[in-house]
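An overview of the molecular structure
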Amino acid sequence: MTKYQVQRRALLLLLIAMSLSLSAQDFSADRDLFAAYQKEDMSVWKEQIDVQRDNVRSTKDLLYEYGYCGYIVAEAKKEGKESLMPAAKSYVAQFRKHVEAAKNQLPTGHYKMYMSAVLVYELRLHESMRPIKAMSLAKEATKLAPNDPLVLSYYGTSLFYAPKPFGSKAEALVWFEKADKFFKGPQWKYCWVREANEMYVQQCHEKLKK
């Protein structure tokens, strides 16, 4: 083996080692955030989001920000927790800003998915009234990314919560089950949306039995 070949092999091994190290770090972070989700300890998510408030968002960061906005909006709407409303509005506005800034870097379909979520959150906070546009964006996202479980599950969620004639538990189940097929890979082990999707499949079956 020539000196050049030895150097090239050493460089390749170094790059592989670095890649594995970075993957392990990402995997560990997902595991910790996933554990917090299972314990319903969203303070861990809040801390993660606040630390990176002014930084460029990665696509993974946006997924957690999307989930946290859903959580805090729901909390702010509960009786006795109206004091959370300013924070909910602030986080949703921040989420919109980050989604718009990341438009060209997001995976196919994710921009429309996240913008749909922004409109849903703004609707619940009475910041805007565009429910039809929100549903349209969710549907468009599935056409752009028909094999992406995040997009498929999000559309299922939209159908699950939307009132008739826009929503349908039976139709939502179809999309949740489509997403479930693509959530089987090991990369989704610590994804909170995968677990939420499984919960929705169960809930749909229970509701449709009644």
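Given the structure is predicted, the values throughout are model-derived calculations rather than measurements. (Residues numbered from 1 in each chain as written. Predicted model: local features only at pLDDT ≥ 70, side-chain atom pairs only at ≥ 80, totals over all residues. Heavy atoms only, no water.)

It is worth spelling out the overall build of the protein at this point. Looking only at helices and strands, the protein has 9 helices and 0 strands in total. When the helices and strands of the protein are listed from N to C terminus, the series reads α-α-α-α-α-α-α-α-α. Considering the protein as a whole, with its 210 residues, one finds that 40% of them fall into the buried category. Look at the contacts in the protein between residues 6 or more apart in sequence, and 58% of them connect residues 24 or more apart. Accessible area for the protein stands at about 12,500 Å²; split by element, carbon and sulfur atoms hold 57% of it. (Helix = DSSP H or I, 4+ residues; strand = E, 2+ residues; numbered from the N terminus. Buried < 20%, exposed > 50% of the residue type's maximum accessible area, 1.4 Å probe, protein only. Contact = heavy atoms within 4.5 Å. Areas by Shrake-Rupley, 256 points an atom, 1.4 Å probe, with all protein chains shown as cover.)

Another aspect to go through is the packing of aromatic side chains. Where two aromatic rings form a pair, the distance of their centres and the angle of their planes describe that pair. If you walk through the whole model with that rule in mind, you get 20 aromatic pairs. Ring centres of tryptophan 45 and tyrosine 64 lie 5.0 Å apart, and the angle between their planes is 85°; on these two criteria the pair is classed as edge-to-face. Within this pair, whereas tryptophan 45 is found in helix 2 (residues 43–51), its partner tyrosine 64 is found in helix 3 (residues 59–76), the two being separated by 19 residues in sequence. Where tyrosine 66 meets tryptophan 192, the ring centres are 5.7 Å apart and the plane angle is 40°; that geometry is what we call tilted. Remark: tryptophan 192 occurs in helix 9 (residues 192–209) and tyrosine 66 occurs in helix 3; sequence separation between them is 126 residues. Directly above the ring of phenylalanine 160 sits lysine 169, whose terminal nitrogen or CZ lies 4.8 Å from the centroid. Note that lysine 178 overlies the ring of tryptophan 175, its terminal NZ or CZ placed 4.0 Å from the centroid. (Phe/Tyr/Trp six-rings, centres within 6.5 Å; stacked < 30°, edge-to-face > 60°. Lys NZ or Arg CZ within 6 Å of the ring centre and 35° of its normal.)

A cluster of basic residues, Lys139, Lys143, Lys178 and Lys181, forms a positive patch at the surface. Counting only elements with at least two residues in the positive patch, the list comes to helix 6 (131–144) and helix 8 (169–182). Checked against the element boundaries, lysine 181 lands in helix 8. Residue lysine 181 is classed as exposed on the basis of its relative accessible area of 62%. (Patch = residues over 30% accessible without salt bridge, like charges linked within 9 Å, V, L, I, M, F, W, Y side chains within 5 Å. Salt bridge = Lys/Arg side-chain N within 4 Å of Asp/Glu carboxyl O. Lys, Arg positive; Asp, Glu negative; His and termini not counted. Charge placed at Lys NZ, Arg CZ, Asp CG, Glu CD.)

You can see isoleucine 132 is positioned in helix 6. A sequence separation of 16 residues divides isoleucine 132 from serine 116, and the C-alpha atoms of the two residues are 9.7 Å apart.

Purely spatial values, then, with no claim about function.
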